[in-house]
Amino acid sequence: MRVLFYHDPVYELGQPFFWKYFVRWTSQMRAGLDGVQCRFLLADHLVDHARQSGVPEDEMVPVREDRFRAFVEQRTGNWNSFWYERRYSDDSLRRAASFLGRALGSFVPDVILTHSPAPFLRTLFPSAVLLHFEAGLMKFPPFPMSFYFDPCGFFRDSWPVKHVETLRVLGLTREQQQEIDGLRAFFTEELLRPSSPFRPVMDEEGKRFRRKVLVPLQFNRFFGFDSQCPFASQFEFLRWVLDRTPSDIGVVVTQHVYFETLEPEAFAFLRSRHPNLIYHPVFSDYNTASQFLCADVDAIVTGSSSVGLQSLWWRLPLVAVGETHLSAIADGSDPAQLHQIIDAGWPSWKDALLHWYLTRYCPLESYVMSGPWLRSFLGRMHQDPDTFPLIDEEPQLFRRIRAEAIRDIGRATPSAARSFELLASERQRALEALREELEQRGALIDRLSSELEQRAALIDRLSSELEQRAAVIEELRIEAERRAVLIEELTLAVREREGRLAQFEALRERMRS
């Protein structure tokens, strides 16, 4: 089996190292794939990061971002939105495929893993299965990390959206329902709810509003939002939600942990017009604040935030604005209908859908980073990409999810006050990580020295082969010239025969007459 790990050379948000975490993840995946031929196509400025992550030198195919853009003739605008929204021409598709094909040479993959829209890879390798991967249903503590590998695409192109009617008729056995109920109580009631740092402030807000809805903001200039929702900014999106939400429902707002896009003035302006806006700066003092706040709301309204998937854990109604992957689990798309949506209650098919996500669609990181499991999974997807087999036997899988739960979940962001002991502990861990990295770099230097010697020998061999090929090319040129002369002679002979046939036909006509 041959696997291509495709890391889009064109970066997002003007951040050249935006994709480095995916390089780290895929390098860990590759480490267990013994006997599998792999290539890492990536931006040339990520080569050092890939090397430090353990990617073999001969498996890296570096590409310059500016040259890729220029060759495709798509120099401006959001690159991933261009491909995701299918705004490209057939010529752009062919040019992208041609550029990457030349970079990859003779390597033809059976399976391609991409974390960005890449329709040109289907054009380049029509027989390969293209799997779109990203962080899955479980992403932040206390949940263990998970991924998904979707053969259809991202967001509204994903398999769950395309097969939503199939998923909404799934059912559970009594044992499966008990397992889901137990796992849900374990994460929400045992781990998250008691750990919430927002209970006092939300208790006060509960005195003002009988019902509250959570609105986790995202960020723009990224196809994950811009191509899903018709809003130019998070301010515009939030204002629309506030305009549509009934005024007796409190609107609890959080900002993205890495991209806080709204300033205090923006919140002050919106609160002056919508007194039901609930935002406290303390929300930004904690990573993944939304996971805690789910315990104190009655529904979630979002564009394409992964917080929308958290509704399955908390049995919360979901209003999904726009067309996204969340459409598969949404109860509506208009905040104006929140009272009716909340009153409708929890449909049983959502428990079955949570079970499907856990057992088939979103494997744990520990499975994905296990070579034998990943090799078997990729092989099955290559044979039948439209079927998601069981990740593991269900009892074993659910025991593993519980065992890998992360109980240290009250992680403050750097802006929050921290104790001296915590800072000292973090610095010690950083020193240990640095020491380990230095040891790895030493081993890497030794390996690179050996590879340089091998490459020097390879260059000598290639030089000899080039001379031989030059001689063969010269022979072929001479042969081509000889054949051209022969073709010319044959052409003249054909014309001569055609003339004789014409004379013969004329003679036969005279004889008849």
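Described below are features of the structure shown in this document. This structure is a prediction, so every number in the text was calculated from the model and none was measured.

Counting its regular elements, the protein chain contains 21 helices and eleven strands. Taken over the C-alpha atoms alone, the protein chain extends approximately 115 × 75 × 50 Å along its principal axes. Considering the protein chain as a whole, with its 513 residues, one finds that 47% of them fall into the buried category. Considering only contacts in the protein chain between residues 6 or more positions apart, those separated by 24 or more positions represent 70%. Surface summary for the protein chain: the accessible area is close to 25700 Å², and the carbon and sulfur share equals 52%.

Okay, the nonpolar core next. Residues L113, L137, W313, Y357 and L358 are the most contacted members of the largest nonpolar core, which totals 123 residues. For this core, the leading source of residues is helix α17 (residues 349–361), giving seven residues. Apart from residues no more than four positions distant in its own chain, Y357 is found in contact with L137, P160, L309, L312, I329 and C362. Listed in part, the 24 residues of the second largest apolar core include W79, A96, L121 and F125.

So, about helix α5 (residues 90–104). A rise of 1.5 Å per residue sets the reference length of α5, with its 15 residues, at 21 Å; its end C-alpha atoms lie 21 Å apart and thus fit the reference within 8%. For α5, the set of buried residues is S92, L93, A96, A97, F99, L100, G101 and L104. At the exit of α5 stands G105, carrying a positive phi of roughly 65 degrees.

What follows is about the pattern of salt bridges. Close approach of charged atoms allows side chains with opposite charge to pair. By the definition in use, this model includes 29 salt bridges. In this structure, the salt-bridge partner of R51 is E57, at a minimum N-O distance of 2.8 Å. The residue R508 makes a salt bridge to E505 at a minimum N-O spacing of 2.7 Å. Here R508 pairs with E505, and both are found in helix α21 (residues 420–512), just three residues apart, close to one helical turn. Overall, E505 belongs to the partly exposed group, its relative accessible area being 35%. Connected via shared salt-bridge partners are D181, R184, R315 and D351.

Any two packed helices are characterised by how steeply their axes cross, that is the angle between the axes, and by the distance between the axes. Look at helix α9 (residues 174–195) against α17: their axes get within 10 Å of each other, and the N-to-C directions meet at 80 degrees. In terms of their interaxial angle, α9 and α17 are classed as roughly perpendicular. From α9, Q176, Q177, I180, L183 and R184 reach across to α17, where they touch D351, L354, H355 and L358. Broken down by class, the residue content of the contact of α9 with α17 amounts to four nonpolar, three polar and two charged.

We now examine the side chain of K350. Relative to the assigned elements, K350 resides in helix α17. On the accessibility criterion, K350 (0% relative accessible area) is buried. A polar atom in the side chain of K350 sits 2.5 Å from the side chain of D331. Discounting chain neighbours no more than four positions away, the residues touching K350 are L312, L316, L318, I329 and D331.

Take the sheet that holds strand β3 (residues 60–63) next. The strand order across the open sheet built from six strands is β3-β2-β1-β4-β5-β6, with neighbouring strands paired in mixed fashion. The sheet is open, and its two edges are formed by β3 and β6 (147–150), each paired on a single side. Between one strand axis and the next, the sheet turns by 20 degrees as a mean value, whatever way the strands run. Packing of α5 onto the sheet brings it into contact with β1 (2–6), β2 (37–43) and β3, and relative to β3 it is tilted by some 140 degrees.

Before going further, it helps to spend a moment on the environment of M60. Relative to the helices and strands, M60 resides in strand β3. Between the C-alpha atoms of M60 and E179, which are 119 residues apart in sequence, the distance is 43 Å. Those residues in contact with M60, other than ones at most four positions away along the chain, are F40, L42, V47, A50, R51 and V55.

Pairing is parallel across the open sheet formed by five strands, whose spatial order is β9-β8-β7-β10-β11. Each having just a single partner strand, β9 (277–278) and β11 (318–320) make up the two edges of the open sheet. Judged from the three bridges that link them, strand β10 (residues 299–302) and β11 form a sheet pairing that is parallel. Bridging from a neighbouring strand, V301 pairs with V319 of β11. Here helix α10 (residues 199–208) sits on the sheet and contacts β7 (211–216), β8 (249–254) and β9; the angle it forms with β7, its principal contact strand, is near 125 degrees. The sheet contacts of helix α12 (residues 234–244) involve β7, β8, β9 and β10, and relative to β7 the element is tilted by about 165 degrees.

Below, the discussion takes up the environment of S116. Relative to the helices and strands, S116 resides in the loop between β4 (111–114) and α6 (119–124). Here S116 falls in the buried class, since its relative accessible area comes to 0%. For the pair formed by S116 and Q234, sequence separation is 118 residues and the distance between their alpha carbons is 22 Å. When neighbours within four sequence positions are excluded, S116 is seen to be in contact with Y6, D8, W19, N80 and F154. In terms of polar contacts, S116 uses its side chain to reach the side chain of D8, at 3.3 Å.

Next up on the list: the packing of aromatic side chains. Under the definition given, this model contains 49 aromatic pairs. For the ring pair Y84 and F223, a centre distance of 5.5 Å and an interplane angle of 55 degrees mean the geometry is tilted. Of this pair, Y84 sits in helix α4 (residues 79–84) while F223 sits in helix α11 (residues 223–226), placing them 139 residues apart in sequence. Comparing Y84 with F223, the two get one shared label, buried. Summarising the aromatic geometry, the rings of F186 and F187 are spaced 5.0 Å apart at their centres and angled 65 degrees between planes, so their arrangement reads as edge-to-face. You'll find F186 and F187 in the same group, each marked buried. Here R95 stacks its cationic end above the ring of F71, 4.7 Å away from the centre of that ring. Positioned above the aromatic ring of F186, the side-chain terminus of R402 is 5.2 Å from the ring centre.

So, about helix α3 (residues 65–72). Of all the residues in α3, the buried ones are E65, F68, R69 and V72. One side of α3 holds all its buried residues, which, seen down the axis, span an arc of 95 degrees. Of the surrounding secondary structure, the elements contacted by the buried residues of α3 are β1, β3, α4, α5 and α6. Where α3 terminates, the next one or two residues include E73, which has phi positive at roughly 65 degrees.

Conventions we followed
Each chain has its residues counted from 1, following the order in which its sequence is written. Only residues with pLDDT of at least 70 get local features here, since the model is predicted, and only at 80 or more are side-chain atom pairs given and counted; chain-wide, interface and lining totals rely on the full set of residues. Hydrogens and waters are ignored; side-chain quantities use all the structure's heavy atoms. Each helix is a run of DSSP H or I of at least 4 residues and each strand a run of E of at least 2, with the numbering of both proceeding from the N terminus. Each residue is assigned to one of three classes by its accessible area relative to the maximum for its type, calculated with a 1.4 Å probe on protein chains only: buried under 20%, partly exposed between the two thresholds, exposed over 50%. Between two residues, a contact is recorded if the distance between any of their heavy atoms is within 4.5 Å. Note that accessible areas follow from Shrake-Rupley with a 1.4 Å probe, and for residues the cover is restricted to the protein chains shown. Definition of nonpolar core: a set of buried residues of the types Ala, Val, Leu, Ile, Met, Phe, Trp, Tyr and Cys, connected through side-chain atoms within 4.5 Å. One less than the number of residues in a helix, times 1.5 Å, gives the span that helix is expected to have. Here a salt bridge means any side-chain nitrogen of Lys or Arg lying within 4 Å of a carboxyl oxygen belonging to Asp or Glu. Comment: axis = line fitted to C-alpha atoms, over the contacting stretch for helices; angle = value between 0 and 180 degrees taken between N-to-C directions. An angle below 35 degrees is read as roughly parallel, one above 145 as roughly antiparallel, one from 65 to 115 as roughly perpendicular, and any other as oblique. Amino acids outside the nonpolar list (Ala, Val, Leu, Ile, Met, Phe, Trp, Tyr, Cys, Pro) and the charged list (Asp, Glu, Lys, Arg) are all regarded as polar, and Gly is one of them. Any pair of N or O atoms that falls within 3.5 Å is considered a polar contact. Within protein, one atom must be able to donate a hydrogen and the other to accept it, and sequence-neighbouring residues count only if both atoms are side-chain atoms. Pairing between two strands requires that DSSP report at least two bridges joining them. Each Phe, Tyr or Trp ring, with Trp reduced to its six-membered ring, pairs with another whose centre is within 6.5 Å; inter-plane angles below 30 degrees give stacked pairs, above 60 give edge-to-face pairs, and intermediate values give tilted ones. Put simply, a charge is over a ring when the Lys NZ or the Arg CZ is close to the ring centre, within 6 Å, and near the line of the ring normal, within 35 degrees. The directions from the helix axis to the C-beta atoms form the arc being described.

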